[in-house]
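One-letter residues, chain by chain:
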Amino acid sequence: MADFDIRRIGGRIGAEVAGVDVRDLSDEIFAEINGALLEHKVLAFRGQELTDEDQIAFASRFGALTGAHPTVPATDAHPEVLPVDSESGRANQWHTDVTFVRTPPKISTLRGLVIPPYGGNTLITNTGAAYRDLPTELRELADRLWAVHTNDYDYVKTGPSGADPAKAAEHRRAFLSRKWKTAHPVVRVHPESAERNLFIGGFAQSIVGLSTQREGRAILDILQAYVTRPENILRWVWAPGDLIVFDNRITQHYAPDDYGDLPRLLHRVTVAGDAPAGVDGRRSYLVQGDDASHYTPAAAAA
């Protein structure tokens, strides 16, 4: 594959993979792609024009798949595929996918189907770089902290702008039909690279051991400000047929709601991950809810 190339597209995050068809990757080329994902956190593939079956097959190269979502329905044909549809809701909050369960996905794949003519980009940030940016005193504090992540918080209850009100209300009812609270280390040690990163984001709502949620929110806001520094962020400008893959263990992402009433549709397939470990080796634990084994095969092994 003479034209195969991995081209860096951000100073701290992101690379574009050119000259490949993800439906036809040798083991050798896939190993290079997997290594590049660990290095760059996000990989982008232009113009792949995949089917759902193709996306599922490619995501499966990284490991066992999760269901589409713990509560939100999948597409009719494929239980692994989550339609990210602007008519149902807009994830214009910084977050890491499904961190409210004990074993969140390790990798997320997103495929562009319907893309607005302007806006509708996806922002992805390197939370490992954010951790390295912390002053020593703040980094040492973060190393000791644990945060409670939950799917039951305000942005889910309020309707996103641009969404169909009835569809948005149904989406919220589904999203909250089962509730979880999980304690994760604020600083996660990546299970493959051993890189430390700030494992927080929108689902992180309080700090373990603090008497009020407001105190925890203040600390989380300070740390999140490092996550969202512009130098840590990649902005992906979608075209139909594009595929992006990001390491959910060391990134957050955000979809700005900046395209009015125009339609936007992506399909997401995620790869099962393990229970996060902190700097002292302790792993995440449930505070409320079940092990989500209906959603992810990793729950049984964790």
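In this report, we go over the structure that sits alongside the text. These numbers come from a predicted model, not from an experiment.

As for the overall build of the chain
Across its full length, the chain carries eight helices and 16 strands. Here the C-alpha radius of gyration of the chain, 18 Å, is about what a compact globule of 302 residues would show, namely 19 Å. Overall, the C-alpha framework of the chain stretches about 55 × 45 × 40 Å when taken along its three principal axes. Looking at the chain as a whole, 55% of its 302 residues qualify as buried. Of the contacts made within the chain by residues no fewer than 6 positions apart, 83% connect residues no fewer than 24 positions apart.

Details of the packing of aromatic side chains
The geometry of an aromatic ring pair comes down to the distance between the two centres and the angle between the two planes. Enumeration according to the criterion identifies seven aromatic pairs in this entry. Ring centres of W94 and Y254 lie 5.3 Å apart, and the angle between their planes is 45°; this geometry places the pair in the tilted category. Highlighted residues: W94 in the loop between β4 (82-85) and β5 (107-114) and Y254 in strand β14 (residues 251-254), separated in sequence by 160 residues. Take Y254: its relative accessible area is 22%, and that puts it in the partly exposed class. Arranged with centres 5.8 Å apart and planes meeting at 35°, the rings of F100 and W180 form a pair that is tilted.

Digging into the environment of T51
Relative to the helices and strands, T51 is located in the loop between β3 (42-45) and α2 (52-60). The spatial distance from the C-alpha of T51 to the C-alpha of G128 is 33 Å, given a sequence separation of 77 residues. A polar atom in the side chain of T51 sits 3.1 Å from the backbone nitrogen of D54.

Comments concerning the nonpolar core
Among the nonpolar cores identified, the biggest contains 25 residues, and L25, I33, L43, F45, F58, F62 and V245 are the most heavily contacted of them. Those elements that place two or more of their residues in this core are β2 (15-18), α1 (27-40), β3, α2, β13 (243-247) and β15 (265-271). Ranked by residue count, the leading element in this core is α1, at five residues. Filtering out sequence-adjacent residues up to four positions away, V245 remains in contact with L37, K41, V42, L43, F45, F58, F62, I107, S108 and T109. One finds L134, L145, L198 and I207 within the second-largest nonpolar core, a separate group that totals 17 residues.

Topic: the sheet that holds β3
Sheet strands line up and pair through hydrogen bonds in the backbone, either parallel or antiparallel. Within the open sheet, the seven strands sit side by side as β1-β2-β3-β13-β5-β15-β4. Their pairing is mixed. Either end of the sheet is taken by a strand with one partner, and the two such strands are β1 (5-8) and β4. Looking at each pair of strands side by side, their axes are set apart by 25° on average, direction ignored. Relative to β13, β3 runs antiparallel, the two being bridged by four bridges. Looking across to β13, one finds that F45 is bridged to L243.

Rules behind the numbers
Residues numbered from 1 in each chain as written. Predicted model: local features only at pLDDT ≥ 70, side-chain atom pairs only at ≥ 80, totals over all residues. Heavy atoms only, no water. Helix = DSSP H or I, 4+ residues; strand = E, 2+ residues; numbered from the N terminus. Rg over C-alpha atoms; globule rule 2.2 N^0.38 Å. Buried < 20%, exposed > 50% of the residue type's maximum accessible area, 1.4 Å probe, protein only. Contact = heavy atoms within 4.5 Å. Phe/Tyr/Trp six-rings, centres within 6.5 Å; stacked < 30°, edge-to-face > 60°. Polar contact = N/O pair within 3.5 Å; in protein donor to acceptor, adjacent residues only side chain to side chain. Core = buried A, V, L, I, M, F, W, Y, C linked by side-chain atoms within 4.5 Å. Pairing = 2+ DSSP bridges. Axes fitted to C-alpha atoms, helices over the stretch in contact; angles between N-to-C directions.

Interpretation in functional terms is not warranted from these geometric data alone.
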